[in-house]
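The chain contents come next:
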Amino acid sequence: MQEEKKKNKKKSYIAKASTAENSSRSVSALQAFFVHLICGLGLAIALWVAHNFYAINLVSDPSRTLRLIWIVQSPIVTLLYSWFRLDPERCSYLKAVGRGMLALPAGALVNALGAIVLGAPVGIEYLPKTINWSVLMSLCTFVPAASVFGSSWSHWQRMFAHTKPNEPLEYMICIPAHGAVIGAWLGAWPMPLDWERPWQEWPVCVTYGAMTGYLVAMVVSLGFVVVHGRRQNLKRD
């Protein structure tokens, strides 16, 4: 009897854990569209403010421009994605926001180390540029996932280790994150070329590549969300 009770308790615990893991706010195509639209507008507004109010851009002053971009973008990304947090009954909105804020420097460190390993310049003069670029990359990659999924390893593994998102919210996070990384990698290609152009300096072309990849991937992820929604409607019918 005791063994049966233990087994039943274990099954009940597993069932509750599974339910908590899969219970997040459902995301419609319209919601995904507005989330991506607001994030894209955040980038555009930050660049517009940098150009019109501070007379700087990524080429003339990359460090200050990048800092302005992530200052504008960080509350937008964190507050938006925290609304779709996993298991909202147990995780409050403020806790999800806190997770996103903690993920910002952690993700920046990972992105900075990755960039240096792949050949980013090292030196005191490059440090502010690398830090600000890494924080921006963290907003594209780590912060949304941390705000939504927290420490749910199965979600992180499925999205970033196996690249197999299977629901709208995962498409919204996984595809733009990969788009930013791939865009940054492609944007780094002109850097070694002996053209002596100002935009070839670190991390100008890498940032343009990352933002372009991020924006394109958001459109692609929206397409996946729409297709997923249609499939679900067909199954119900």
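Residues numbered from 1 in each chain as written. Predicted model: local features only at pLDDT ≥ 70, side-chain atom pairs only at ≥ 80, totals over all residues. Heavy atoms only, no water.

- Per an unreviewed UniProt entry, the protein is named Phosphatidylinositol-glycan biosynthesis class F protein, and its organism is Manihot esculenta.
- Recorded in UniProt for the protein, the comment headed Pathway (unreviewed entry) runs: "Glycolipid biosynthesis; glycosylphosphatidylinositol-anchor biosynthesis."
- Recorded in UniProt under Subcellular location (unreviewed entry), the annotation for the protein is "Endoplasmic reticulum membrane". (UniProt positions renumbered as here; feature names shortened; annotations may be inferred.)

### Topic: the pattern of salt bridges
So, step 1. Following the criterion strictly, the structure yields three salt bridges and no others.
So, step 2. Residues Asp 61 and Arg 64 are paired through a salt bridge, measuring 3.6 Å at the closest nitrogen-oxygen approach.
So, step 3. Relative accessible area serves as the criterion here: at 36%, Arg 64 is assigned to the partly exposed category.
So, step 4. Residue Asp 87 pairs with Arg 90 through a salt bridge whose shortest N-O separation is 3.8 Å.
So, step 5. A relative accessible area of 13% means that Asp 87 is categorised as buried.
So, step 6. Overall, the relative accessible area of 62% leaves Arg 90 in the exposed class. (Salt bridge = Lys/Arg side-chain N within 4 Å of Asp/Glu carboxyl O. Buried < 20%, exposed > 50% of the residue type's maximum accessible area, 1.4 Å probe, protein only.)

### Quick notes on helix H6 (residues 153-161)
So, step 1. Residues His 155, Trp 156 and Met 159 constitute the buried set of H6. The arc enclosing the buried residues of H6, seen along the axis, measures out at 95°, which places them on a common side. The exposed set on the far side of H6, more than 90 degrees from its buried face, consists of Trp 153 and Ala 161.
So, step 2. One or two residues past the end of H6 sits Thr 163, with phi positive at roughly 50°. (Helix = DSSP H or I, 4+ residues; strand = E, 2+ residues; numbered from the N terminus. Arc of directions from axis to C-beta.)

### Overview of the side chain of Asn 132
So, step 1. Examined against the element boundaries, Asn 132 turns out to sit in helix H5 (residues 127-149).
So, step 2. Residue classification places Asn 132 among the buried residues on the basis of a relative accessible area of 6%.
So, step 3. A polar contact is formed between the side chain of Asn 132 and the side chain of Trp 70, at a distance of 2.9 Å.
So, step 4. Discounting residues that sit within four places of it in the chain, Asn 132 has contacts with Ser 63, Leu 66, Arg 67 and Trp 70. (Polar contact = N/O pair within 3.5 Å; in protein donor to acceptor, adjacent residues only side chain to side chain. Contact = heavy atoms within 4.5 Å.)

### Comments concerning helix H2 (residues 29-53)
So, step 1. Over its 25 residues, H2 runs 35 Å from end to end, which matches the ideal 36 Å to within 8%, given 1.5 Å per residue.
So, step 2. Here H2 has its buried residues at Ala 32, Val 35, His 36, Cys 39, Gly 40, Gly 42, Leu 43, Ala 46 and Ala 50.
So, step 3. The inward-facing, buried residues of H2 abut helix H3 (62-82), H5, helix H7 (168-187) and helix H8 (204-236).
So, step 4. Positioned one or two residues after H2, Ala 55 has a phi angle of 55°, which is positive. (Expected span 1.5 Å × (residues − 1).)

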